[in-house]
Amino acid sequence: MSSFFNTPFQTGHLRPGTRPIMLVLLAVGLMSAIGVAEKTSPKPVTLREPEQTRIQSHPFLLVTESDFEELQERAQKQPWKRMKKKVVSHIQKNEYKPHHWSRMWRMTNHGALAYILDPDNRTDYVRKVADTLKQWKHFYENRGHYDSHNKVPLGAAYMSSVLALDIVHDDLAADTLGEIEKWMGKMGEWYRRTGRWELNQYGCAGIWAMYERKFDDSAAKNYIRELRDVQINPDGTFREGSTYAIARLGCDQPARQGKVTLMHALEALDVYDFYSRNRYQNFYECLFGYSTAPHVGRWSFCDSGTGTYGHTQGLGVFTASRFSDRAARLAAWVTDSAQPPADLLHYVLMDKQLPSPREPSSHIFPYGLAVFMPDGLTEKSLSGALWNQILVGDHSHNDTNALHLAGYGKHLLRNVGYPGYPPPRRAETNNVLMIDGANHNTINKQDTRRRIAIKNEKEGGEEFAAPGGGIEEGFTGGNFDFARGFAGESLRPQGLWWRNFCFVHPADNTPGYFVVFDEVNAKDASKSVNTVWHPNTSDLAAKEDGWRYMFDIGDDVSLDIALPTPPDTVEVRTREDNLARSDFDGKYLYTTYSTNGSGKAIVATVLFPSDDDHPRPTFKRVSGDGFTGAQLRHPSGAVDRICTSRSGEMVELPSFRGIEYVARTVDGKPGFYFVRHSTYFGSKENGFSSEDPVTLYIDGLEGKIISRGTYVTFRRQGTFEVLIDGQPAGLLSRTDSKVRLYVPAGTHSISFE
């Protein structure tokens, strides 16, 4: 795939073990995203036979009898002591009262755990569990009532019931056991036959197959395929946004346990590995560290509202340590070290308390998310997210390359979120770019290029959002983050669009802010391009028409939207007020820009948050031969300059050859600089030149570079060595004022000695 200026494909930052694999997978994904006809042939799933000694007698699904002693010993300390007390008290005081899924779930769940922890009263617990399990006859005979949304919470009750049956199995009379197995078997087959809510469907059918010792079961394999091929990308991003990731695999409430329990049962049986696979480790790290802004409000991508993470007692939180220590520490951070509820799964699967919390740091997920934030994170910190999924799902929107910003304890810039199913909501309801006002692409039932993640179409062929092209390149670290998202299929055949998202970190008493460069190549040169910005407010406090718009977010927090690239027009539009289940109203900016004679345009936008402690700078638009831009003069004495090519082609100036840059001076002395697709920047005493264009960030003695493989000269006084990724570069020449070296293809850290 060639990009706007033939820049190379680069990955972002992954777990070290995933990077080589990701390069291959992402290349395949990008080919699908740009329109190659997709013929899905799911990778096979291989399930191992469990150890025969484990499955010779019950229980064996989640625990074995040999585990009982250790589980009982846990109750000598908190939080297991509290959990035991609550569970035993509940089961001793209650009988099953027909007929509700929550009563079925609680009686079987608590009864089975009490059976393990309180052996002196097992006879009573067995009776109560058996009386409850007999009620599956009622649920099966009335299963039509559960064909809709009730099927998911009923699945949680069914999962709990199968685990409970496994645990008390050997204490049941033969006739009682036969009756229970008859109706629970019918329920398992009903789940196997009936679609929708696939994780719940396959989970329920699969757990019954495991109970019957059918370990090569198709439903269990389909459960794994659903997770692996449909819902979770290799980098850990969830294709349908944070709300559904939290609900399904964060397991935010007991009613969702039908979607996640089989995962842990297959691990316990040693039939399939989840805990040690990078995909699932990445997922839980992404879920807890990158689903929310620092004030734990969720990113509003896909069907995700802006509420807080909220569900602090989800099963995913307390099983995070089984996947990675980092996932557990991020779970402790996002939940403020919450305490677990009292139930069977939490007690058994939580084998250690949450560790001390660790805040996340900026991270790029190339399958389609970049989240930027400063070090030393607090709930007031600035943060921003770029969303661009290579594969999409039922709850996806037309929000490829959308941004969400937060800071100073507030959502600053947001998308439409969850206005009610089904999506997709059109592009204009999100912070994106459009060509000539047209919506982003949709694909439907008849489209042979549809993603495997798109399913559940109703009669008539509903429309679904087309996928993007992922995060092509980027870097994090230091005081500047950069990610480049490609629109891919979402904007074809209207044209090509790349969004360069930059975060200038707060530093040296200068507040942080965001810069966006949108690069467009419209197929029809007569078409204009539009950017859309949705502040999280209805209060446009002040404006300088065509240049700067100041929005009052609330509690003395503001967001300035400055337009360094002069637009043809700017409209202040009013958001729709007929979006069910949405708090998204107020005003937004709709800007229009012309393209050049070949359909190209580059649009620069500055997004500057401020409050009483973080003052806004003085804004000034600058322009010259072939370029436009902005100057930001901060009260700290720092002066930033943002520059972009006017035509979309490389601009040649005495101090810059390229298409975009952000640079700072402090008290007249050079600070950091960032350039994209550039071969020259700076002065005779300070800067760089290269034979081929590079993307480069330098701040003092350190920086980042993205290269296709080229020779670079750095003009710096007194440089003796240059390190690339911590290793000597092997200088080709060196003088007192400059050094020359070869930078191989890739994304690299760079430092000077």
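Residues numbered from 1 in each chain as written. Predicted model: local features only at pLDDT ≥ 70, side-chain atom pairs only at ≥ 80, totals over all residues. Heavy atoms only, no water.

Enquirer: How do you make sense of the overall build of the protein when you look at a structure like this?
Expert: Along its length, the protein carries 17 helices and 34 strands. Counting only residues that meet the buried cut, the protein has 62% of its 753 residues in that class. Within the protein, contacts between residues separated by at least 24 positions form 66% of all contacts whose residues are at least 6 apart in sequence. Carbon and sulfur atoms make up 45% of the accessible area of the protein, which amounts to about 27400 Å² in all. (Helix = DSSP H or I, 4+ residues; strand = E, 2+ residues; numbered from the N terminus. Buried < 20%, exposed > 50% of the residue type's maximum accessible area, 1.4 Å probe, protein only. Contact = heavy atoms within 4.5 Å. Areas by Shrake-Rupley, 256 points an atom, 1.4 Å probe, with all protein chains shown as cover.)

Enquirer: Can you walk me through the nonpolar core in this structure?
Expert: In globular proteins that are soluble, nonpolar side chains generally tend to be buried together. Judged by nonpolar contacts, the single largest core of 168 residues is most densely connected at W136, Y158, L249, F274, Y284 and L607. Those residues within four positions of L607 in sequence are excluded, and the remaining contacts are L403, L405, L413, Y513, F514, V516, W533, L559, D560 and I561. In terms of nonpolar packing, the next biggest core, distinct from the first, is built from 24 residues, C643, L696, F714 and I750 among them. (Core = buried A, V, L, I, M, F, W, Y, C linked by side-chain atoms within 4.5 Å.)

Enquirer: Help me out: how do you make sense of the side chain of S160 in this one?
Expert: Its place among the elements puts S160 in helix α8 (residues 151-168). Judged by its relative accessible area of 4%, S160 is buried. Setting aside anything within four residues of it in sequence, one finds S160 in contact with W105, T108 and N109.

Enquirer: I tried to follow the pairing of strand β29 (residues 710-715) on my own but got confused; where do I start?
Expert: For a regular strand, side chains alternate in direction, first toward one face of the sheet and then toward the other. Within β29, 5 of the 6 residues are buried, leaving the element largely enclosed by the surrounding structure. Where strand β27 (residues 687-699) and β29 come together, 4 bridges link them in antiparallel fashion. Bridged to F688 within β29 is F714. Alignment of β29 against strand β33 (residues 738-743), held across 6 bridges, turns out to be antiparallel. For T713, the partnering residue across the bridge sits in β33 and is R740. (Pairing = 2+ DSSP bridges.)

Enquirer: Sorry, what's going on with the packing of aromatic side chains here?
Expert: Two measures describe an aromatic ring pair: the distance that separates the ring centres and the angle between the ring planes. A complete count under the given rule lists 40 aromatic pairs for this structure. Ring centres of F503 and F514 lie 4.8 Å apart, and the angle between their planes is 20°; on these two criteria the pair is classed as stacked. With a gap of 11 residues between them, F503 in strand β11 (residues 495-504) and F514 in strand β12 (residues 513-522) connect regions that are remote in the sequence. An identical accessibility class is assigned to F503 and F514; each is buried. These aromatic residues form a ring-pair network of at least three members: W136, F139, Y158, W190, Y191, W208 and Y211. When the ring centre of Y140 is taken as reference, the NZ or CZ atom of R143 above it lies at 4.1 Å. Cation over ring: R716 sits above F752, and NZ or CZ is 4.1 Å from the ring centre. (Phe/Tyr/Trp six-rings, centres within 6.5 Å; stacked < 30°, edge-to-face > 60°. Lys NZ or Arg CZ within 6 Å of the ring centre and 35° of its normal.)

Enquirer: Explain the sheet that holds strand β19 (residues 600-610) to me, please; I cannot follow it from the model alone.
Expert: Where strands meet in a sheet, backbone hydrogen bonds hold them as pairs that are either parallel or antiparallel. The strand order β9-β10-β11-β12-β19-β16-β15-β14 describes an open sheet built from 8 strands, whose pairing is antiparallel. Every other strand in the sheet has two partners, leaving β9 (471-475) and β14 (540-544) as the edge strands with one partner each. Pairs of neighbouring strands in the sheet enclose a mean axial angle of 15°, with direction left out of account. Two elements, strand β10 (residues 480-486) and β11, share 7 bridges in a ladder whose sense is antiparallel. Bridge pairing in β11 links F480 to V504. (Axes fitted to C-alpha atoms, helices over the stretch in contact; angles between N-to-C directions.)

Enquirer: Looking at this structure, how should I read the packing of α8 against helix α10 (residues 198-211)?
Expert: Two packed helices can be described by the angle between their axes and the distance between those axes. Where α8 meets α10, the closest approach of the two axes is 9 Å, and the angle between their N-to-C directions is 15°. Here α10 runs roughly parallel to α8, going by the angle between their axes. Our pair here, α8 against α10, has a crossing hand that is left-handed. Contact with α8, carried on its side by K151, V152, G155, A156, Y158, M159, V162, L163, L165 and D166, involves N200, G203, C204, I207, W208 and Y211 of α10 and no other residues of that element. Along the lines of polarity and charge, the residues of the contact of α8 with α10 split into 11 nonpolar, 3 polar and 2 charged. (Parallel < 35°, antiparallel > 145°, perpendicular 65-115°, else oblique. Left-handed = near helix turned anticlockwise from the far one by under 90°. Nonpolar A, V, L, I, M, F, W, Y, C, P; charged D, E, K, R; others polar.)

Enquirer: Help me out: how do you make sense of the packing of helix α5 (residues 101-117) against α8 in this one?
Expert: Interhelical geometry of α5 versus α8 gives an angle of 25° and a closest axis separation of 8 Å. Overall, the two elements α5 and α8 adopt an arrangement that is roughly parallel. As for the relative orientation of α5 and α8, their crossing is left-handed in sense. Of α8, the residues touching α5 (which contributes W101, M104, W105, T108, N109, A112, Y115 and I116) are P153, L154, A156, A157, S160, S161, A164, I167 and V168.

Enquirer: I keep staring at the pattern of salt bridges and nothing clicks. Help me out?
Expert: Should the charged atoms of two oppositely charged side chains come close, the side chains can pair. In the structure shown here, the tally under the stated rule is 35 salt bridges. Between E240 and R248 there is a salt bridge; the shortest N-O distance is 3.1 Å. Assessed through its relative accessible area of 3%, E240 is described here as buried. Judged by its relative accessible area of 11%, R248 falls in the buried class. One salt bridge connects E285 with R326, and the closest N-O pair in it is separated by 3.1 Å. Of this pair, E285 sits in helix α14 (residues 278-290) while R326 sits in helix α16 (residues 325-335); the two residues are 41 residues apart in sequence, bridging distant segments of the chain. Judged by its relative accessible area of 25%, R326 falls in the partly exposed class. One salt-bridge network, in which partners are shared between bridges, spans E472, E473, R484, E519, E660 and R676. (Salt bridge = Lys/Arg side-chain N within 4 Å of Asp/Glu carboxyl O.)

Enquirer: Please clarify how unusual backbone geometry should be interpreted in this entry.
Expert: When glycine is set aside, most residues are seen to have a negative phi, and most peptide bonds are trans. In this structure, the amide linkage connecting Q78 to the following residue, P79, adopts the cis form with an omega of 0°. Relative to the assigned elements, P79 resides in the loop between α3 (68-74) and α4 (80-93). Look at the link from R492 to P493: it is a cis peptide, with omega at 0°. Following the sequence through the fold, P493 ends up in the loop between β10 and β11. Here the phi dihedral of R213 falls at roughly 65°; this positive angle occurs in a residue that is not glycine. Tracing the backbone shows R213 in the loop between α10 and α11 (218-231). Judged by its relative accessible area of 32%, R213 is partly exposed.

Enquirer: Sorry, what's going on with the side chain of S610 here?
Expert: As for its placement among the helices and strands, S610 is situated in strand β19. Accessibility expressed as a relative area gives 4% for S610, which makes it buried. Non-local contacts of S610, meaning those with residues more than four positions away in its chain, are made with Y408, D556, V557, S558, P615 and R616.

Enquirer: Explain the sheet that holds strand β3 (residues 383-387) to me, please; I cannot follow it from the model alone.
Expert: Reading across the sheet, the 5 strands line up as β1-β2-β3-β4-β5 and stay open at both edges, with antiparallel pairing between neighbours. Strand pairing shows two members of the sheet lacking a second neighbour, β1 (363-365) and β5 (410-413), which therefore form its edges. Between one strand and the next, the sheet's axes are offset by a mean angle of 15°, whatever the strand orientation. Both strand β4 (residues 402-407) and β5 contribute to a ladder of 3 bridges, which runs antiparallel. Paired with G407 across the two strands is K410, which belongs to β5.

Enquirer: Looking at this structure, how should I read helix α13 (residues 261-268)?
Expert: In an α-helix, one turn spans 3.6 residues; hence positions three or four apart end up facing the same way. Most of α13 sits inside the fold, with 7 of its 8 residues counted as buried. Among the residues of α13, those classed as buried are T261, L262, M263, H264, A265, L266 and E267. Where α13 is buried, its residues touch α8, α10, α11, α14, α15 (315-318) and α17 (344-349).

Enquirer: Help me understand the environment of E489 in this model?
Expert: Locating E489 in the fold gives a position in the loop between β10 and β11. A relative accessible area of 4% means that E489 is categorised as buried. Considered as a pair, E489 and A465 are 24 residues apart in the sequence and their alpha carbons are 9.8 Å apart.

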